[in-house]
Amino acid sequence: GGGPTRRRHAVRDALARWLRSVGHHAVTEQVIGGWETADGQAVLDVVYHLGARGRICLDVSLVDAASAARTGRGRTYVLRRREREKHHRYPHAGPVPFVLDNRGRWGAEAETWLRQVLSEVPDEERNDARRQLRATIAHAVQGQIAEQVALAVELS
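Residues numbered from 1 in each chain as written. Predicted model: local features only at pLDDT ≥ 70, side-chain atom pairs only at ≥ 80, totals over all residues. Heavy atoms only, no water.

Novice: Run through the overall build of the chain, naming residues and quoting values.
Specialist: Scanning the chain from N- to C-terminus turns up five helices and four strands. The order of α-helices and β-strands along the chain, N terminus first, is α-β-β-β-α-α-β-α-α. Taken over 156 residues, the chain has a buried fraction of 39%. Considering only residue pairs separated by 6 or more positions, the chain has 54% of its internal contacts joining residues 24 or more positions apart. As displayed, the chain offers around 8600 Å² of accessible surface, 49% of which is attributable to carbon and sulfur atoms. (Helix = DSSP H or I, 4+ residues; strand = E, 2+ residues; numbered from the N terminus. Buried < 20%, exposed > 50% of the residue type's maximum accessible area, 1.4 Å probe, protein only. Contact = heavy atoms within 4.5 Å. Areas by Shrake-Rupley, 256 points an atom, 1.4 Å probe, with all protein chains shown as cover.)

Below, the structure is given as structure tokens:
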């Protein structure tokens, strides 16, 4: 109960903390006016400003790596499909889908986003910042999975 939501929130919070650590004013769970959908308000996971690029809105999503095996199309297909779904949900607005599978693989748009944000980080700090974010995201995902496993064992 609630495992996928907790994993997504853990990643959301890790992204916001990391962005703050590299000098951005990142906020979470922001309502974005004008991006409303048939489901109601658009609430994006992490919002911050990136220099001349302006407001950046990250929409975090995790996919089940096992579903890739079931489709027979591979993890890349499942990640890209989720990215397309995010763009379909906000077709006019252009959020950045930050999609991961539960085994740690990042979607192409998350990888592109990382390269863009790192371009704003001083050269001598870039590799450390990249490693820090990847480790923080991995810790967030795996920590939540471990918590779900422990809870399941406790309940059985």
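Following the structure, the description resumes.
Novice: Outline the side chain of Arg12, listing residues and values.
Specialist: Relative to the helices and strands, Arg12 is located in helix H1 (residues 3-21). Among residues more than four places away in sequence, those in contact with Arg12 are Thr28, Glu29, Asp45, Val46 and Val60.

Novice: Give a detailed account of the sheet that holds strand S2 (residues 43-49), specifying residues and quantitative values.
Specialist: Strands in a sheet are paired, the pairing made by backbone hydrogen bonds, and the direction either parallel or antiparallel. Across the sheet, which stays open at both edges, the four strands sit in the order S1-S2-S3-S4 with mixed pairing between neighbours. Of all the strands in the sheet, just strand S1 (27-31) and strand S4 (96-101) have a single pairing partner and so form its edges. Across the sheet, the mean angle separating the axes of adjacent strands is 45° when strand polarity is ignored. Direction of pairing for S1 relative to S2: antiparallel, over a ladder of four bridges. By the bridge assignment, Val27 is partnered in S2 with Val47. Along the sheet, helix H3 (residues 75-89) makes contact with strand S3 (55-63) and S4, crossing S4 at roughly 150°. (Pairing = 2+ DSSP bridges. Axes fitted to C-alpha atoms, helices over the stretch in contact; angles between N-to-C directions.)

Novice: Lay out helix H4 (residues 108-118) with the relevant residues and their values.
Specialist: For H4, the set of buried residues is Ala110, Trp113, Leu114, Val117 and Leu118. Down the axis of H4, the buried set is contained in an arc of 125°. They therefore lie on one face. (Arc of directions from axis to C-beta.)

Novice: Tell me about the nonpolar core, and name the residues and values.
Specialist: In this structure, Val11, Leu15, Phe98 and Trp113 are the most contacted members of the largest nonpolar core, which totals 30 residues. For this core, the secondary-structure elements that each account for two or more residues are H1, S2, S3, S4, H4 and helix H5 (123-155). No other element matches H1, which puts seven residues into this core. Setting aside residues up to four positions removed in sequence, Trp113 forms contacts with Leu15, Trp18, Leu19, Tyr48, Ile56, Leu58, Val96, Phe98 and Leu133. If you look at the next biggest cluster of nonpolar residues, it comprises seven residues, including Trp35, Val47, Cys57 and Tyr90. (Core = buried A, V, L, I, M, F, W, Y, C linked by side-chain atoms within 4.5 Å.)

Novice: Now, about the pattern of salt bridges: what can you tell me, with residues and values included?
Specialist: With the rule as written, the count across this model stands at nine salt bridges. A salt bridge links Arg8 to Asp45, with the shortest nitrogen-to-oxygen separation between them at 2.4 Å. Linking Arg8 in helix H1 with Asp45 in strand S2, this pair joins segments that are 37 residues apart in sequence. With a relative accessible area of 2%, Asp45 lands in the buried category. Here Lys86 and Asp59 are joined by a salt bridge, their closest N and O atoms 3.4 Å apart. Within this pair, whereas Lys86 is found in helix H3, its partner Asp59 is found in strand S3, the two being separated by 27 residues in sequence. Summarising the burial analysis for this pair, Lys86 and Asp59 share the class buried. (Salt bridge = Lys/Arg side-chain N within 4 Å of Asp/Glu carboxyl O.)

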